[in-house]
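A closer look at the structure
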Amino acid sequence: MKKYLIILLTCFFTGGIIFFAIPKKQGVSPIAWEKFSVISLESQPVQKKTWLAYTPLKFFIHKQSTQAGEQSLSAKQNLLSKTKQLTNTSLKYVIPNEIESLETDEQGHYIFKGNQENNIRPPAQTVMALSIMLALDTVEPETIGKNKEELQTIEKKLIASLANTHIVNDGDWGECWQCAHWSFFTGFGAWLMWEDLPPETQTDVQKIIVFEADRFLTTPRYCDDCTDDSKAEENAWNANILALAAAMMPYHPHTEAWKEKNSEWMLAAFAKQSDTTSRKKIDGKRLKNWLSGWNIREEGYLYNHNRVHPDYMASALMNLWNPIVFFLAGKDMPEAAFWNMNLIYNNLENHTWDSPPYDAPGGTIYQPDKATVYYPQGTDWSIQSIDNFFMF
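Residues numbered from 1 in each chain as written. Predicted model: local features only at pLDDT ≥ 70, side-chain atom pairs only at ≥ 80, totals over all residues. Heavy atoms only, no water.

Some details on the overall build of the protein
A tally of helices and strands in the protein yields twelve helices and six strands. Summing over all exposed atoms, the protein offers an accessible surface of approximately 17,000 Å²; the carbon and sulfur share of this is 48%. (Helix = DSSP H or I, 4+ residues; strand = E, 2+ residues; numbered from the N terminus. Areas by Shrake-Rupley, 256 points an atom, 1.4 Å probe, with all protein chains shown as cover.)

Some details on the side chain of H181
Mapped onto the fold, H181 is located in helix 5 (residues 179-192). The contacts of H181, once residues within four sequence positions are left out, are R121, W237, M318 and W321. (Contact = heavy atoms within 4.5 Å.)

So, the packing of aromatic side chains
Evaluation of the coordinates by the stated rule reveals 13 aromatic pairs. Note on Y366 and F389: the rings are 5.8 Å apart at their centroids and 85° apart in plane angle, and the pair reads as edge-to-face. Placement of Y366 in the segment after helix 12 (341-350) and of F389 in the segment after helix 12 is noted, with a sequence separation of 23 residues between them. Pair check on accessibility: Y366 and F389 agree, each one buried. (Phe/Tyr/Trp six-rings, centres within 6.5 Å; stacked < 30°, edge-to-face > 60°. Buried < 20%, exposed > 50% of the residue type's maximum accessible area, 1.4 Å probe, protein only.)

Side note on helix 4 (residues 148-164)
Taking 1.5 Å as the rise per residue, helix 4 with 17 residues should run 24 Å; its terminal C-alpha atoms sit 24 Å apart, in good agreement. Among the residues of helix 4, the N-terminal cap falls to N147, whose side-chain oxygen and the backbone nitrogen of E149 are separated by 3.1 Å. (Expected span 1.5 Å × (residues − 1). Polar contact = N/O pair within 3.5 Å; in protein donor to acceptor, adjacent residues only side chain to side chain.)

Notes on the nonpolar core
Residues F184, F188, L244, F270, I344 and F392 are the most contacted members of the largest nonpolar core, which totals 102 residues. Considering each element in turn, this core owes the most residues, twelve residues, to helix 7 (residues 232-248). Excluding anything up to four places from it in sequence, I344 contacts F270, I296, G300, M313, A316 and F392. (Core = buried A, V, L, I, M, F, W, Y, C linked by side-chain atoms within 4.5 Å.)

Read these as layout, nothing more, since geometry by itself doesn't imply function.
Set out below in structure tokens:
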């Protein structure tokens with residue numbers, strides 16, 4: 001039985017499996033387009049109501065209809081094929097040079113040589129990307145140079161090593177500004193191969209997810225009218241860990257609080273000022289009652305690092321991970337995940353930036369018929385970071 005993951009998935013340094021692949025030049029937002037119905041669901045039998053994690057649902061999907069034509073479907077298949085190739089090629093480099101090159105301790109765990117972003121985030125992203133590849137059976141052993149069993153062994157060791165080194169398990173990383181992000185990568189990747197993990201690793205992973213999710217049973221942060229740090233992407237990745245905790249552990253005493261805060265942090269990530277007075281109901285509550293600030297402009301763009309920053313506009317894709325997480329747990333998808341997504345996408349595609357005052361040549365951020373992105377005020381990252389926009 002082949003397992004499929006719906007709506008996914010991920011665009012990290014190791015690549016990922018992309019589900020949304022409608023050409024941007026057709027003017028179709030990637031949030032409107034494909035309708036799916038689940039025709040078969042199989043979940044693990046629930047023997048008793050504990051807060052311990054359940055394995056994700058295994059399912060098939062059946063495409064009912066599409067607004068896009070043959071050109072779009074052909075482009076999707078082409079992009080899926082190219083992404084599969086890119087991911088396998090990336091793993092061909094990453095596995096030997098970034099993972100197997102690490103030293104191991106006396107317990108057989110990888111030693112990450114630090115607790116900062118460049119030490120923990122890459123292996124955590126590898127966990128998620130590799131788990132997706134294994135779950136979708138899209139690994140190409142002839143490309144990577146490892147068979148599926150060897151990759152599973154590496155993956156289990158990597159998950160155990162990351163879990164063992166988190167502070168909740170007496171390690172040295174965790175409870176930092178980006179640690180929920182790394183914990184989500186690790187936790188989601190572990191969840192996809194849950195039945196293959198030893199009990200002690202399962203326990204360590206659950207402890208990480210509970211610890212990091214509980215940190216955000218608080219009020220989100222906002223930028224309001226600032227231009228230096230929108231907080232959009234931080235709020236979004238903090239929402240991810242709340243979604244994962246609620247989905248994995250449906251009977252934990254904090255589950256309902258996690259679910260509610262997941263909606264709040266997602267809405268806060270990409271709220272505009274007018275939302276703070278809106279009476280529109282999202283996930284059972286009016287927007288004005290969810291929000292105490294805002295992060296994006298009414299037109300759908302945002303500032304970060306003292307500039308209009310398309311990279312951080314595209315970080316809205318992190319909100320779209322959460323419906324997938326809930327779907328895999330057989331739960332309803334939160335409405336908050338989709339709020340203002342069309343607005344942001346429409347800005348990327350259609351808003352014209354005049355030059356001057358903006359950088360030459362001006363125009364739209366998504367360039368018609370070009371695999372390039374226009375940065376109205378330049379970028380402090382790289383103009384080659386096209387992977388930021390794969391899913392959005």
